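Coordinate inspection notes
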Amino acid sequence: MSYLKMAQRNLWRNKRRTVITVSSIFFATLFAVVMRSFQLGSYSLMIRNSIEQYYGFIRIQHSGYTQDPVLENTFESNRELLDKIQNISNVKAVTPRLETFSLASSGNISKGVLVLGIDPETETRFSNPENFLIRFKLTPKVIESLSRDSFLYPLLEVISKHRDAVFADKFELREIFADDPISHSKLRKILELSEVEGRFLSSNDRGVVLSSRLARFLKLEVGDSVILMGQGYQGASAVGVYPIVGIVKIPNPELDNRVVYMPLNLAQEFTNVLNRISYFAINLNNTSDNQLRITADSIKAIVTESYLDVKTWQELNRVLVQQIESDNQSGNAFLFLLYLVVFFGILGTVIMMVHERIHEFGVLISLGMQKHKLIFSLFLELVLMALMGIGFGFLVGIPIIQYYSFYPIRLSGDLANMMTEMGFEPLLPMAPVSGFVWGQGIVTLIMVMIASLYPIRKIIKLQVVSALKR
Amino acid sequence: MAIIEVVSLDKIYNDSAVEVTALKNINLSISSGEFTAIVGPSGSGKTTLLNLIGGLDYPTSGKIRVGDVWLNELKGFRLIDFRLHNIGFVFQSYNLIPVLTALENVELIMQLQGVSAKERRKRATELLHRVGLGDRCDSRPSKLSGGQQQRVAVARALASKPKYILADEPTANLDGKSTETLLNVMEELNRDEGVTFIFSTHDQRVINRARRVVLLEDGYINSDTFN
């Protein structure tokens, strides 16, 4: 009879208690992994939307640019430097950008915008904004045409709810019918009617691409022109009228409200900063903190110009870092409370288990079982119980996590609006299975180990004679 | 030579406000192969004496020698190890491990001793046959009668090949028939294999079968009679 088998049998001596304890560990594990996955998923979405799509994980910029992001703190673009950075193994993409603030006008509507001068070729590798190019739009005119079509009339209610909605691809558009899927032929017809013109920029373009919320605000469409007014290099005025060649729907709502993409050459011409850029933005393959630091150090070794700084996204975007940190802290505090409740549940079981069996412990020790063997046997019971709870928790939790990491929950209605207004994409993604899942299991096992200190102490101090009297 | 030598043994309990003298100046010598009953009224110190001889408790003063070893000098894991290899126990309420079968209960002691699985299985089966329970090897204690459980307890006590077996009121919870069967088994083991048995009892049926009766009264040995 192995200790394991004995532990197994002891567990089923009091089935109800074991089931209750295993269930509490199961629910705690399930809840912890799902909640943690939601948390980490939302962080990676935030990072993806704002760091990968816009900031870049590392930037090379003028030393004065962080404090004062003006055109005077730009520097001469250097193709050789760009190539050297690109050759660092962890560097996924590097792109030069020129940023300036400007006033965009259309008719009597104006708005402050961020003009982003980009090199379309390297930007495609960096953030690929072309991916977000709007290809379909449910304009009132489209809805009216649909209402006249008896074939599509039954879908009018759903479509009307999405008046003026824009879509980057057919899959996104198909999602509005997720509750009641439609046939391919109906979808094809809707796509035909709602297709809009537009393309992304090329290096020598004389036009611009607007973000979708900005375009809606200014009531502009592809083919219209936008007037940009701002201040150029060394006090020169920067004014221009630019045709809109495309509209993109940037996932980050904050950027989607205010970005105007312009070819780098055109932006330099607009601001009168010939061959100067605001920064090189760099994206990485491995974005872990450790790799980020190592890659930043490698880049620092290449950048010899004293007036240039190499900054990581955490140094540049303290607000996002603090946002993540504070959310992480509150999430951890919640998990701590959850684990505390479960811990006392486990401890209760352990105390009952020990008190019920103290006589038996006395018998075993009197027969010649060493106390450490008895402790081991009891510890095994607790670990088995914990492993069952954790195992079931993983069994249910991991498929949920994996599914929602591939198919994030898209929020709708007021909640979606609220999130959008706060600058977040209305998505609830989950982080795919990784170390954090196993971490929850380890925490539960540690709790069991702490709870097992009680029987350990009890057995060490056990007086055989008094135990036998009970 | 005596296998157990008790010299000037005193046991005083002072856990409560009142000091209780359980045993006073006990001198006793038990030889190998004895079938001894320690008798006396409740509170006379029978169980206390058995606990001390069994190394389950420490005397307040005096000494106990088992073979060449002074039991009162052993502490902690050495004492537990000594019990494992030298002393067999039979308790009043059987005290079998409920999650183990009869065979596994008997095997457990040998497992603790480090006997190989094959050998302990063989010996446990033999012992259960010896106590008349060869057909109940796979039964859990809850499926056995009180008498059967006590016979399993005897087989378990024998499993470690102890120098002696201590049985604390082994028949107290048994009916007449079961008591008779158990006594027959123990008597046979004593007679045929020379196993030393020391009982505490106030069951007259057991006293009648004992070859030596030590009468305790108020912690003193009142009489020590060989039949």
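Because the structure is a prediction, the values reported are computed rather than measured. Think of each chain on its own: its residues are numbered from 1, step by step along the sequence as written. To label them, take the chains in the order written and letter them from A, then take the ligands in the order written and number them from 1. Only residues with pLDDT of at least 70 are given local features in this predicted model, and only at 80 or more are side-chain atom pairs given and counted; all residues enter the totals for whole chains, interfaces and linings. Hydrogens and water molecules were not included; the side-chain quantities draw on all heavy atoms of the structure.

Some thoughts on the overall build of chain A
- Counting its secondary structure elements, chain A contains 20 helices and 15 strands.
- Atoms counted for the radius of gyration: C-alpha only. Globule rule: 2.2 Å times the number of residues to the power 0.38. In summary, chain A has a C-alpha radius of gyration of 31 Å against a globular reference of 23 Å for 470 residues, an excess of more than 25%.
- Principal-axis analysis of the C-alpha atoms gives chain A an extent of 95 × 70 × 35 Å.
- In chain A, which comprises 470 residues, the share counted as buried stands at 51%.
- Any two residues whose heavy atoms approach within 4.5 Å are treated as being in contact. Within chain A, contacts between residues separated by at least 24 positions form 79% of all contacts whose residues are at least 6 apart in sequence. Segments assigned H or I by DSSP are reported as helices when at least four residues long, segments assigned E as strands when at least two residues long, and all are numbered from the N terminus. Only protein chains enter the accessibility calculation, which uses a 1.4 Å probe; a residue whose area is less than 20% of its type maximum is buried, one above 50% is exposed, and one in between is partly exposed.

Details of the pattern of salt bridges
Residue and element names in this part refer to chain B.
- A pairing counts as a salt bridge when a side-chain nitrogen of Lys or Arg comes within 4 Å of a carboxyl oxygen of Asp or Glu. Counted under the stated rule, the structure contains 28 salt bridges over all chains.
- Between arginine 130 and glutamate 188 there is a salt bridge, with its nearest N and O atoms 3.3 Å apart. Linking arginine 130 in helix α4 (residues 117-130) with glutamate 188 in helix α6 (residues 176-193), this pair joins segments that are 58 residues apart in sequence.
- On the basis of relative accessibility, which here comes to 27%, the residue arginine 130 falls in the partly exposed class.
- With a relative accessible area of 30%, glutamate 188 lands in the partly exposed category.
- Connected via shared salt-bridge partners are Arg130, Glu188, Arg191, Asp192 and Glu193.

What about the pairing of strand β1 (residues 2-13) of chain B?
Residues and elements named next belong to chain B.
- Strands were regarded as paired on the criterion that DSSP finds at least two bridges between them. In this structure, β1 lies alongside strand β2 (residues 20-31), joined through eight bridges in antiparallel fashion. Residue pairing across strands places tyrosine 13 opposite valine 20, the latter belonging to β2.
- In this sheet, strand β4 (residues 61-66) lies alongside β1 in antiparallel orientation, the contact comprising five bridges. Residue glutamate 5 lies in a different strand from β4, and its bridge partner there is arginine 65.

A look at the nonpolar core
- With 125 residues, the main nonpolar core has B:Ile4, B:Leu49, B:Val106, B:Leu128 and B:Tyr164 as its most contacted residues.
- Judged by nonpolar contacts, the second largest core, of 56 residues, contains A:Met46, A:Ile88, A:Leu98 and A:Val166. For our purposes a nonpolar core is just a set of buried Ala, Val, Leu, Ile, Met, Phe, Trp, Tyr and Cys residues, chained together by side-chain atoms within 4.5 Å.

Quick look at the sheet that holds β2(B)
All names here are of chain B.
- A sheet is described by the order of its strands in space; here four strands give the open sequence β2-β1-β4-β5, paired in antiparallel fashion. Edge strands, defined here as strands with exactly one partner in the open sheet, are β2 and β5 (69-70).
- Here an axis means a line fitted to C-alpha atoms, over the contact stretch when the element is a helix, while the angle between two N-to-C directions is reported on a 0 to 180 degree scale. Across the sheet, helix α1 (residues 46-53) is in contact with β1, β2 and β4; its angle to β1 comes to roughly 125°.

So, the packing of helix α16 (residues 371-406) of chain A against helix α18 (residues 435-451) of chain A
Residue and element names in this part refer to chain A.
- With their axes 10 Å apart at the nearest point, α16 and α18 run at an angle of 160° to one another. The angle between α16 and α18 places the two elements in the roughly antiparallel class. The way α16 lies across α18 gives a crossing that is right-handed. Contact residues: α16 offers Phe379, Leu382, Val383, Ala386, Leu387, Ile390, Phe394, Ile398 and Ile401, while α18 offers Phe436, Val437, Trp438, Gly441, Thr444, Leu445, Val448 and Met449.
- The nonpolar class holds Ala, Val, Leu, Ile, Met, Phe, Trp, Tyr, Cys and Pro. Asp, Glu, Lys and Arg form the charged class, and all remaining residues, Gly among them, are polar. Looking at side-chain class alone, the contact of α16 with α18 contains 15 nonpolar, two polar and no charged residues. Note on angle classes: values under 35 degrees are labelled roughly parallel, values over 145 roughly antiparallel, values of 65 to 115 roughly perpendicular, and the remainder oblique. Crossings are classed by handedness, with left-handed meaning an anticlockwise turn of the near helix from the far one by less than a right angle and right-handed meaning a clockwise turn.

A look at the sheet that holds strand β9 (residues 212-217) of chain B
Residue and element names in this part refer to chain B.
- Within the open sheet, the six strands sit side by side as β6-β7-β8-β3-β9-β10. Their pairing is mixed. The open sheet has two free edges, formed respectively by β6 (87-90) and β10 (220-226), since each of these has just one partner strand. In this sheet, neighbouring strand axes are inclined to one another by 20° on average, regardless of whether the strands run parallel or antiparallel.
- Pairing of strand β7 (residues 164-168) with strand β8 (residues 196-201) involves five bridges; the strand directions are parallel. Counted as the bridge partner of tyrosine 164 is threonine 196 from β8.

Considering the environment of A:Ala267
- Here A:Ala267 lies in helix α11 (residues 264-271).
- Ignoring any residue separated from it by four or fewer positions in sequence, one finds A:Ala267 in contact with A:Leu98, A:Gly117 and A:Met262.

Comments concerning the pairing of strand β7 (residues 208-211) of chain A
All names here are of chain A.
- Neither face of β7 is exposed, since Val208 and Leu210 on one face and Val209 and Ser211 on the opposite face are all buried.
- Bridge analysis of β7 against strand β9 (residues 237-248) gives four bridges, and the strand direction is parallel. Bridged to valine 209 within β9 is glycine 246.
- As paired strands, β7 and strand β10 (residues 259-263) are joined by two bridges and run antiparallel to one another. Across the sheet, leucine 210 pairs through a bridge with valine 260, a residue of β10.

Topic: the interface of chain B and chain A
- Taken residue by residue, the interface counts 24 residues in chain B and 22 residues in chain A.
- The quantity reported as buried area is the accessible area (1.4 Å probe) lost by two parts once they are put together, taken as the sum for both. Three residues stand out in chain B for area buried against chain A, namely B:Ile80, B:Val99 and B:Leu112, and they jointly supply 26% of the buried area on that side.
- Our count for the chain B to chain A interface comes out at one salt bridge.
- The partner of A:Arg9 in a salt bridge is B:Glu104, and the shortest N-O contact between them spans 2.5 Å.
- Mapped onto the side of chain B that touches chain A, the elements with two or more residues apiece are α2 (76-86) and α3 (102-113) of chain B.
- For the side of chain B that touches chain A, the class distribution of residues is 13 nonpolar, four polar and seven charged.

Remarks on the packing of aromatic side chains
Residue and element names in this part refer to chain A.
- Two aromatic rings, drawn from Phe, Tyr or Trp (for Trp, its six-membered ring), form a pair once their centres lie within 6.5 Å of each other, and the interplanar angle then sorts them: stacked below 30 degrees, edge-to-face above 60, tilted otherwise. Per the counting criterion, the structure on display carries 16 aromatic pairs over all chains.
- With a centroid separation of 5.8 Å and an interplanar angle of 70°, the aromatic rings of phenylalanine 200 and tyrosine 261 are classed as edge-to-face. In this pair, phenylalanine 200 is assigned in the loop between α8 (184-194) and β7 and tyrosine 261 in strand β10, connecting sequence segments 61 residues apart. The two residues phenylalanine 200 and tyrosine 261 agree in class, both being buried.
- Taken together, the aromatic side chains of Tyr403, Tyr404 and Tyr407 make up a single cluster linked through ring pairs.
- Only when the NZ of Lys or the CZ of Arg is both within 6 Å of the ring centre and within 35 degrees of the ring normal is a charge said to sit over the ring. Over the aromatic face of tyrosine 279 sits the side chain of arginine 59, whose NZ or CZ is 3.7 Å from the ring centroid.
- It is lysine 111 that lies over the ring of phenylalanine 217; its NZ or CZ is 4.8 Å from the centre.

Here's the deal with the packing of α4(B) against helix α5 (residues 146-159) of chain B
All names here are of chain B.
- At a minimum axis distance of 9 Å, the contact between α4 and α5 shows a crossing angle of 135°. By the angle class used here, α4 and α5 are oblique. In this structure, the crossing between α4 and α5 has a hand that is right-handed. Along its contact with α4, which presents Arg123, Leu127 and Leu128, the element α5 presents Val152, Ala155, Leu158 and Ala159.
- Residues of the contact of α4 with α5, tallied by class, amount to six nonpolar, no polar and one charged.

By themselves, these are just geometric observations and shouldn't be taken as functional.
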